[in-house]
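Analysis of the macromolecular model
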Amino acid sequence: MIRKLSKALLFSSLLAATALTAEEAHYTKADRIKDMITMAEGMEQIQSGLLYRCKEGQCIIKGAEDIKSVLVHLEKVDPKDFLDAEQQYAHKFAKKRQLMLNMYLNEMLEELKRKDMDAVAHNYGLALRECTSCHMRLRSNK
Amino acid sequence: MERRSFLKITGASAAAVVIAPSLITQRLYAEDGLSLYESYEKVHLKDADGNPLKASTLQPEVNYVFNFPHIATPCILVDLGRPANKDVKLTADDGTEYLFKGGVGKNGSIVAYSAICPHQLTHPTPDDSFFQYLERKGKTLALPDAKEAGIFVCSSHLSAFDPVNGGKAIAGPATEGLTQIVLEIDENDELWAVGALGPNRFHDYMDAFKPEFKKYYENKRKAKRLVKEEAKVVMLKQFTKEIIQY
């Protein structure tokens, strides 16, 4: 009985330690680059869906979902982990851009369900503006 | 209708438009020939308790927020604590000139501006505000070398605007100034919003934030409605959960 309890306790401790370590894992520059590439590819997918034939808007949906998956990930990461040193003060600005980008992507998908392609294109443009807004500010992309 | 009557009416209408083009465009041109003034139904500014807001009760250099001319277009009202300059000539991006006539109140120090940054439409929301008037002793990255602030700052991309001189853009990527909300003070010291002076991005704003309007106002149609009769004024720190200023 005591042996079983000890094993259970050891197992729980290991699990907790793993989880704790995972939460504290540092978001590296390589991770950021990978995520940004995913987002850029997502935007390309959406554009393909607007410009070319894409069955039932699947390109648009995939592109949006890929970007949103990165945004979900970024929500758990401290922006200070992926901002350059001189831009770390602007972490709330970065968070706001994530929120707005997510908002426009959701709106775009809603408009796609309504088959309003003008509105889809409009929201794609607004989403793109959020990307450039962040890049303009945080990467001195003037 | 007889042909003669039709021609009379058409002729009279054409003459009226030639004399006063504003009949068609709904814009009133300033007496001095400089333009870009748009008048709206006069709106009584009231405090959070629903009482008329008295000009003399405004705390100096404190941000007050009210919505005007649309239900979803926020404005910031502030007593600058010093007189705003009169007859400041400003120019919109398309070259149109307009004239800022100064502030109101005993010292001409009370001004109001649309709190929508003309650059990328950053504005205060109930959740956060990256846009505000920064008191003179404040510091901002928009003007790091300035001895004193006393300016409007948009902390999204660090544009800055001079409220003493009609909301003119003085730093950052914004190329146009803020839209001035024209105020009047009546004999009871009560404040009224009556119009908007300068280029405005209300139309672009309405186009850009439809999902946000769903969250705060149910839909874009309600957000776009003009404010009628009265507008509630609250401090910015009461209007929004978080003020971010760089």
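Just above sits the structure.
Residues numbered from 1 in each chain as written. Chains lettered and ligands numbered in written order. Predicted model: local features only at pLDDT ≥ 70, side-chain atom pairs only at ≥ 80, totals over all residues. Heavy atoms only, no water.

**Remarks on the overall build of chain A**
The condition is simple: Elements are defined by DSSP. Helices are runs of H or I of four residues or more, strands are runs of E of two residues or more, and each kind is numbered from the N terminus. When a residue's accessible area, from a 1.4 Å probe over protein chains only, is under 20% of the maximum for its type it is buried; when over 50% it is exposed; and in between it is partly exposed. Here the accessible surface of atoms and residues is derived via Shrake-Rupley with a 1.4 Å probe, and residues count as covered only by protein chains that are part of the display.
From N to C terminus, chain A includes five helices and zero strands. Ordered by position in the sequence, the α and β elements of chain A form the string α-α-α-α-α. Relative to its full complement of 142 residues, chain A shows a buried share of 36%. Total accessible area computed for chain A in this model is approximately 9200 Å², and 59% of it derives from carbon and sulfur atoms.

**As for the pairing of strand 13 (residues 191-197) of chain B**
A regular strand places its side chains so that they alternate between the two faces of the sheet. All names here are of chain B. Basically, it comes down to this: Two strands make a pair as long as DSSP finds a minimum of two bridges between them.
In terms of residue burial, strand 13 counts as a mostly covered element, since seven of its seven residues are buried. The pairing of strand 2 (residues 37-46) with strand 13 spans five bridges and is antiparallel. Residue pairing in the sheet places V43 in a bridge with A193 of strand 13. Sheet topology note: the strand 12 (residues 180-185)/strand 13 ladder contains six bridges and is antiparallel. From the neighbouring strand, L183 faces strand 13, where its bridge partner is A193.

**A look at the layout of surface pockets**
Summary: where empty space remains is shown by rolling a probe the size of a single water molecule over the atoms. All names here are of chain A. What counts, and what does not: The definitions used throughout rest on a 1 Å grid laid over the protein atoms alone, on which a cavity is an enclosed set of points accommodating a 1.4 Å probe that cannot get out and a pocket is an open set flanked by protein within 12 Å on both sides along at least five of seven lines; lining residues are those having an atom within 4 Å of a point. Grid points are joined across faces, edges and corners, and a volume is the space filled by probe spheres set on the points. Note on residue categories: nonpolar means Ala, Val, Leu, Ile, Met, Phe, Trp, Tyr, Cys or Pro, charged means Asp, Glu, Lys or Arg, and polar means any other residue, Gly included.
Considered as a void within the structure, the largest pocket measures approximately 570 Å³ in volume. If you trace the largest pocket, you find 22 residues lining it, with R32, M36, C134, H135 and R139 closest to the centre. Among the secondary structure elements, those contributing two or more residues to the lining of the largest pocket are helix 2 (29-51), helix 3 (58-75), helix 4 (91-113) and helix 5 (117-138). The residue makeup of the lining of the largest pocket, split by class, is 15 nonpolar, two polar and five charged.

**Quick look at the pattern of salt bridges**
Basically, it comes down to this: What counts as a salt bridge is simple: a side-chain nitrogen of Lys or Arg found within 4 Å of a carboxyl oxygen of Asp or Glu.
Evaluated as defined, the whole model comprises 19 salt bridges over all chains. The residue R114 of chain A makes a salt bridge to E111 of chain A at a minimum N-O spacing of 3.3 Å. Among the residues examined, R114 of chain A registers a relative accessible area of 48% and is labelled partly exposed. A salt bridge links E111 of chain A to K210 of chain B; the nearest nitrogen and oxygen atoms lie 2.9 Å apart. Separated into two different chains, E111 of chain A in helix 4 and K210 of chain B in helix 4 (residues 210-217) make up a pair that spans both. The class of E111 of chain A is buried, set by a relative accessible area of 2%.

**Quick look at the packing of helix 2 of chain A against helix 5 of chain A**
Packed helix pairs are specified by the crossing angle of their axes together with the interaxial distance, meaning the distance between the axes. Residues and elements named next belong to chain A. Using the following cut-off: For every element, the axis is a line fit to its C-alpha atoms; helices are fit only across the contacting stretch, and the angle between N-to-C directions ranges from 0 to 180 degrees. Small angles under 35 degrees read as roughly parallel and large ones over 145 as roughly antiparallel, with 65 to 115 read as roughly perpendicular and the rest as oblique. Crossings are classed by handedness, with left-handed meaning an anticlockwise turn of the near helix from the far one by less than a right angle and right-handed meaning a clockwise turn. What makes two residues a contact is simply this: any of their non-hydrogen atoms within 4.5 Å.
Running from amino to carboxyl end, helix 2 crosses helix 5 at an angle of 155 degrees, the nearest separation of the two axes being 11 Å. With respect to each other, helix 2 and helix 5 are oriented roughly antiparallel. Both helix 2 and helix 5 take part in a crossing whose hand is left-handed. Of the residues in helix 5, those in contact with M36, M43, I46, Q47 and L50 of helix 2 are M117, V120, A121, Y124, A127, L128, C131 and H135. The class makeup of the residues in the contact of helix 2 with helix 5 is eleven nonpolar, two polar and no charged.

**Comments concerning helix 2 of chain A**
All names here are of chain A. In plain terms, the rule: The span expected for a helix works out to 1.5 Å for each residue beyond the first.
Between the first and last C-alpha of helix 2 there are 33 Å, a value that for 23 residues agrees with the 33 Å anticipated at 1.5 Å per step. Every buried residue belonging to helix 2 is among R32, D35, M39, G42, M43, I46 and G49, and all of these are buried. Elements in contact with the buried residues of helix 2: helix 3, helix 4 and helix 5.

**A look at helix 3 of chain A**
Spacing of three or four residues puts side chains on the same side of an α-helix, whose turn is 3.6 residues. Residues and elements named next belong to chain A. Stated formally: Arc, as used here, means the arc of the directions from the helix axis to the C-beta atoms.
With 18 residues, helix 3 should cover 26 Å at 1.5 Å per step; its first-to-last C-alpha distance of 25 Å lies within 8% of that length. Every buried residue of helix 3 is listed here: I60, G63, A64, I67, K68, V70, L71 and L74. End-on view of helix 3: buried residues confined to an arc of 160 degrees, all on one side of the axis.

**What about the interface of chain B and chain A?**
We count it as follows: Each of two parts loses accessible area, computed with a 1.4 Å probe, when they are put together; buried area is these two losses added. Polar contacts, as counted here, are pairs of nitrogen or oxygen atoms within 3.5 Å of one another; within protein the pair requires one atom able to donate a hydrogen and one able to accept it, and residues that are adjacent in sequence qualify only if both atoms are side-chain atoms.
Counting residues at the interface gives 21 residues for chain B, matched by 19 residues for chain A. With both chains or domains summed, chain B and chain A bury close to 1600 Å², and 53% of this area falls on carbon and sulfur atoms. Among the residues of chain B in contact with chain A, Q120, P211 and Y246 of chain B are the three that bury the most area, contributing 30% of the side total. For the pair chain B and chain A, the interface holds five salt bridges. Note that E242 of chain B and K92 of chain A form a salt bridge whose closest N and O atoms lie 2.2 Å from each other. Counting across the interface, chain B meets chain A through eleven residue pairs in polar contact (both at pLDDT 80 or more).

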